[in-house]
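Remarks on the overall topology
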2 protein chains.
Amino acid sequence: MSLAEFSLIERIAARTRARADVVLGIGDDAALLQPRAGEQLVVTADTLNSGVHFPAETPAYDIGWKTLAVNLSDLASMGARPSWCVLALSLPGADPAWVDAFADGFFALADAHDIVLIGGDTTRGPLSLSVTAMGQVAAGTALRRDGAQVGDDVWVSGTLGDAAVALRAWQGGTLDIRAAADDAQVETLRLRLARPTPRVALGRALVGLAHAAVDVSDGLLADLGHICERSGVAARLDLDRLPVSAAARARVGQTHAREAALRGGDDYELCFTAAATQRAAIEAVALRLALPLTRIGEVVAGQGVTTGSDTPGPQGYEHFTEL
Amino acid sequence: MSLAEFSLIERIAARTRARADVVLGIGDDAALLQPRAGEQLVVTADTLNSGVHFPAETPAYDIGWKTLAVNLSDLASMGARPSWCVLALSLPGADPAWVDAFADGFFALADAHDIVLIGGDTTRGPLSLSVTAMGQVAAGTALRRDGAQVGDDVWVSGTLGDAAVALRAWQGGTLDIRAAADDAQVETLRLRLARPTPRVALGRALVGLAHAAVDVSDGLLADLGHICERSGVAARLDLDRLPVSAAARARVGQTHAREAALRGGDDYELCFTAAATQRAAIEAVALRLALPLTRIGEVVAGQGVTTGSDTPGPQGYEHFTEL
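Numbering of residues begins from 1 in every chain and follows the order in which that chain's sequence is written. Following the order in which they are written, the chains are lettered starting with A and the ligands numbered starting with 1. Local features in this predicted model are restricted to residues of pLDDT 70 or higher, and side-chain atom pairs are both shown and tallied only at a pLDDT of 80 or more, whereas totals for entire chains, interfaces and linings draw on every residue. Side-chain numbers come from the whole structure's heavy atoms, not from hydrogens or water.

**Overview of the overall build of chain A**
- For chain A, the helix and strand inventory stands at 9 helices and 12 strands.
- Radius of gyration: over C-alpha atoms. The globule rule applied is 2.2 Å multiplied by the number of residues raised to the 0.38 power. Against the compact-globule benchmark of 20 Å for 323 residues, chain A has a radius of gyration of 20 Å, which places it among compact chains.
- In terms of principal-axis extent, the alpha carbons of chain A reach across some 60 × 50 × 30 Å.
- Taken over 323 residues, chain A has a buried fraction of 60%.
- Only heavy atoms enter the contact rule, under which two residues are in contact if any of them lie within 4.5 Å. At a minimum sequence separation of 6, the contacts of chain A that also span at least 24 residues come to 86%.
- A total accessible area of about 11,800 Å² is found for chain A, and carbon and sulfur atoms account for 52% of it.
- Computing the positive centroid from 27 side-chain charges and the negative centroid from 39, chain A places the two 5 Å apart. For the purposes of this entry, the term helix denotes a DSSP run of H or I that reaches at least four residues, the term strand denotes a run of E that reaches at least two, and both are numbered from the N terminus. For each residue, the accessible area found with a 1.4 Å probe, counting protein chains only, is set against the maximum for its type, and the residue is called buried under 20%, exposed over 50%, and partly exposed in between. To measure how exposed things are, a 1.4 Å probe is used in the Shrake-Rupley method; for residues, cover is taken only from the protein chains shown. Counted as positive: Lys and Arg. Counted as negative: Asp and Glu. His and the chain ends are not counted at all. Taken as the charge centre is NZ of Lys, CZ of Arg, CG of Asp or CD of Glu, depending on the residue.

In structure tokens:
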């Protein structure tokens, strides 16, 4: 490790907050953590590469935010409380201003969710960011992909397709990802792509209510497909119920907005299934969190995800460089 | 995630073993793990980049081995039992044969230490490998850098400087890192660089015996320096006691071998301090593990690491591309 790398680590490490269960943080060969008695650990890891998982011109603040957000989203989909994280940062150069802006975005989200950085390293190379995030959940209560039951409602949070619509607009040169837009609807779309909101509070609220959950990172058809496959069931979607935003509709029209909602990735909403007897409780959660929760279909016997109209084409989201 | 990436993950995930405390392994949004009651978590993360942390021509098996070894070494230096790990793999192409050989090396070491892979991802990019490794240790018993006390002996395991000597030989074109050497001493040196042995059993045995420990990854002067800095003490080394291998001595002579032992990185031996009253117990550990443990100095009041002769120059190891 060169001195330049060392000072970059120090620069990031200095930004992390204390947490009572961190016995020993950054500075030794490893961190020492005190897990809660009676709880299970939830561990996830996601890597973001520049030019693959985000446009290379994305501002450092947004890269920092999104790096943590995609990992928090995985914790959310399990119903876990975020606890600790580790960051492996590969950087083409040692630019303190870039690192500071990155840290601003990363720790804005980290502090909001009381997750603390307990380790990591910095190496020189093409811009790449790997996070391992750890959370905790009472033993036996985690939301999983394999718990969906025939007769369940299928729900989704927020609106879907916004990130995909924003990505297409950026690709088409009609959306600048580098700065806030004057137009409020364009700015809404830009932030949905650049600075997604992990649904941590929703995941926590769904423990005991939902039978299965997944976060929508690869697209609704693909991710709901994962629930179906792991649960040994099928899902039937009502396309008319898919929640699309006014911003997406204004941008590309209802038909394309719905298509983006079905197949677009990177929204980081939660899709979950729950017994019909839980509808009132789930609507109460929506009110409490001020987050729309929409019933979009039902779990049936069989395999795969079908819609009322036609059979969906190829499922899943390809990162933009591969489109 | 493209289908090619997905099948690479599957290919690696299929190689991991079961462990009773893995409630839910690879295949959901996150893994679910059951930590042991009364224990603390030990978490470390290290990234290896091709051409920086290992020569680009290193065989895939050795890269897989070393990727895990450097992380197990950090767990060893804390006295932890290895439990779980996560792998973020960036690959320039989807070569199944390379991935299989990488997995052979990675899981040979993982299985030997009962550490299981519980998550990770594969992305396309320059070859880079990030591991987050988790272990467990009884609460309050971890070996740390900050526990050294004035009057302690300073110990080191195995021999030092072999990896640095091997690296210089490779740089000079007299050691082929790609294949086993006919000469037994050259092969010894090659394996010390390409396939280091994390001292996990030693770390476990030192719990309750050692006051402080660190693994020698940046070079003895630098790493013992970390112990001194964190403990608020100094260390005085007896250069004549530094354990160097016959292979290193045969290759570069006693003077250069000793210099490599002082400053060379990548050996992954443990350096630790312990009260003089523990000498017999530590020698018994050496016998039981068939691993030489050598007293190389003592902890004294003050700052920094000094040797009997002159004051050491700049401390620390630079990765070979920066030499």
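Back to the write-up after that little detour.
**Concerning the interface of chain A and chain B**
- Residue-level contacts link 54 residues of chain A with 54 residues of chain B.
- Two parts placed together each lose some accessible area under a 1.4 Å probe, and adding up what both lose gives the buried area. In total, about 4,400 Å² of surface goes out of reach between chain A and chain B, with carbon and sulfur atoms giving 49% of it.
- The largest share of the area that chain A buries against chain B comes from A:Asp29, A:Leu32 and A:Leu41, three residues that together contribute 15% of it.
- A pairing counts as a salt bridge when a side-chain nitrogen of Lys or Arg comes within 4 Å of a carboxyl oxygen of Asp or Glu. Where chain A packs against chain B, one counts 4 salt bridges.
- Here A:Asp29 and B:Arg145 are joined by a salt bridge, their closest N and O atoms 2.8 Å apart.
- Nitrogen and oxygen atoms within 3.5 Å of one another constitute a polar contact, given that in protein one can donate a hydrogen and the other can accept it, and given that sequence-neighbouring residues count only through two side-chain atoms. Summed over the shared surface of chain A and chain B, the number is 25 residue pairs in polar contact (both at pLDDT 80 or more).

**Remarks on the environment of A:Ser128**
All names here are of chain A.
- Summarising the element assignment, Ser-128 is placed in strand β6 (residues 128-138).
- Accessibility expressed as a relative area gives 16% for Ser-128, which makes it buried.
- Counting along the chain gives 39 residues from Ser-128 to Leu-89, while the straight-line C-alpha distance between them is 6.1 Å.

**What about the pattern of salt bridges?**
- Summed over the entire model, instances satisfying the criterion amount to 46 salt bridges over all chains.
- Across the salt bridge formed by B:Arg19 and B:Asp21, the nearest N and O atoms sit 2.7 Å from each other. Of the two residues, B:Arg19 and B:Asp21, both sit in the buried class.
- The residue B:Asp62 makes a salt bridge to B:Arg190 at a minimum N-O spacing of 3.7 Å. With B:Asp62 in helix α2 (residues 60-78) and B:Arg190 in helix α5 (residues 184-194), the pair connects residues that are 128 residues apart, well separated along the chain. Comparing B:Asp62 with B:Arg190 shows no difference in burial state: the two are buried.
- Residues joined by salt bridges that share partners form a network here, namely A:Asp162, A:Arg192, A:Arg199, A:Asp267 and A:Glu269.

**Some thoughts on the packing of aromatic side chains**
All names here are of chain A.
- Classification of ring pairs uses Phe, Tyr and Trp, with its six-membered ring standing for Trp, and accepts pairs whose centres are within 6.5 Å; under 30 degrees between planes counts as stacked, over 60 as edge-to-face, and the remaining range as tilted. All chains considered together, the criterion is met by 8 aromatic pairs over all chains.
- On the numbers, 5.3 Å between centres and 15 degrees between planes, the contact of Trp-98 with Phe-102 is stacked. Of this pair, Trp-98 and Phe-102 both sit in helix α3 (residues 96-112), 4 residues apart, which is roughly one turn of the helix. Phe-102 matches Trp-98 in its accessibility class, with the two residues each being buried.
- Taken together, the aromatic side chains of Trp-98, Phe-102, Phe-106 and Phe-107 make up a single cluster linked through ring pairs.

**Re the relation of the copies chain A and chain B**
- Residues reaching a pLDDT of at least 70 in both copies supply the C-alpha atoms on which the copies are superposed by least squares. Taken as rigid bodies, chain A and chain B are interconverted by a rotation of 180 degrees and an axial shift of 0.0 Å, the fit giving an RMSD of 0.0 Å. On the angle and the small slide along the axis, the relation comes out as a two-fold axis.
- A share of 100% of the interface residues of chain A reappears at the interface of chain B, consistent with the copies meeting face to face through the same patch.

**Quick notes on the packing of helix α4 (residues 162-171) of chain A against helix α8 (residues 246-263) of chain A**
All names here are of chain A.
- Lines fitted to the C-alpha atoms define the axes, with helices restricted to the stretch that makes contact. Angles between their N-to-C directions range from 0 to 180 degrees. Between α4 and α8, whose axes approach to 10 Å, the crossing angle comes to 120 degrees. Here α4 lies oblique to α8, going by the angle between them. α8 is crossed by α4, and the crossing has right-handed handedness. Here Asp-162, Ala-164, Val-165 and Ala-169 of α4 lie close against α8, whose contacting residues are Ala-248, Arg-251, Val-252 and Ala-260.
- Each residue gets one of three labels, nonpolar for Ala, Val, Leu, Ile, Met, Phe, Trp, Tyr, Cys and Pro, charged for Asp, Glu, Lys and Arg, and polar for the others, Gly among them. For the contact of α4 with α8, a count of residues per class yields 6 nonpolar, no polar and 2 charged. Our angle categories are set so that under 35 degrees counts as roughly parallel, over 145 as roughly antiparallel, 65 to 115 as roughly perpendicular, and the remainder as oblique. Left-handed describes a crossing whose near helix is turned anticlockwise from the far helix through less than a right angle; right-handed describes the clockwise counterpart.

**Observations concerning the sheet that holds strand β5 (residues 116-124) of chain B**
- Strands are treated as partners if at least two bridges between them are detected by DSSP. The strand order β1(A)-β2(A)-β3(B)-β6(B)-β4(B)-β5(B) describes an open sheet built from 6 strands, whose pairing is mixed. At either margin of the open sheet sits one strand with a lone partner, and together these are β1 (22-24) of chain A together with β5 of chain B. Across the sheet, the mean angle separating the axes of adjacent strands is 20 degrees when strand polarity is ignored.
- Of the strands in this sheet, β4 (81-91), β5 and β6 (128-138) of chain B touch helix α3 (residues 96-112) of chain B, which is tilted by about 160 degrees from β4(B).

**Some words on the domain arrangement of chain A**
All names here are of chain A.
- Per the domain assignment, the segments of chain A are domain 1 (3-138) and domain 2 (153-306).
- Listed as interface residues are 24 residues of domain 1 and, on the opposing side, 21 residues of domain 2.
- For the pairing of domain 1 and domain 2, the buried interface totals around 1,900 Å² over both sides, and the portion due to carbon and sulfur atoms is 61%.
- Between the two partners, domain 1 and domain 2, sit 3 salt bridges.
- Scanning the region where domain 1 abuts domain 2 turns up 8 residue pairs in polar contact (both at pLDDT 80 or more).
- Listed by contribution, the elements that provide at least two residues to the side of domain 1 that touches domain 2 are α2 (60-77), β4 (81-91) and β6. Each domain span listed reflects an automatic or database assignment of domains.

**A look at the environment of A:Ala222**
Residues and elements named next belong to chain A.
- Along the chain, Ala-222 falls in helix α7 (residues 220-231).
- Take Ala-222: its relative accessible area is 12%, and that puts it in the buried class.
- Taking the C-alpha atoms as reference, Ala-222 lies 28 Å from Ala-280; in sequence the two are 58 residues apart.

**Some points on the pairing of strand β12 (residues 304-307) of chain B**
Residues and elements named next belong to chain B.
- Because side chains alternate across β12, one face comprises the buried residues Val-305 and Thr-307, and the other comprises Gly-304 and Thr-306, none of which is buried.
- Two elements, strand β9 (residues 234-237) and β12, share 4 bridges in a ladder whose sense is parallel. The residue bridging Leu-237 from the neighbouring strand is Thr-307, located in β12.

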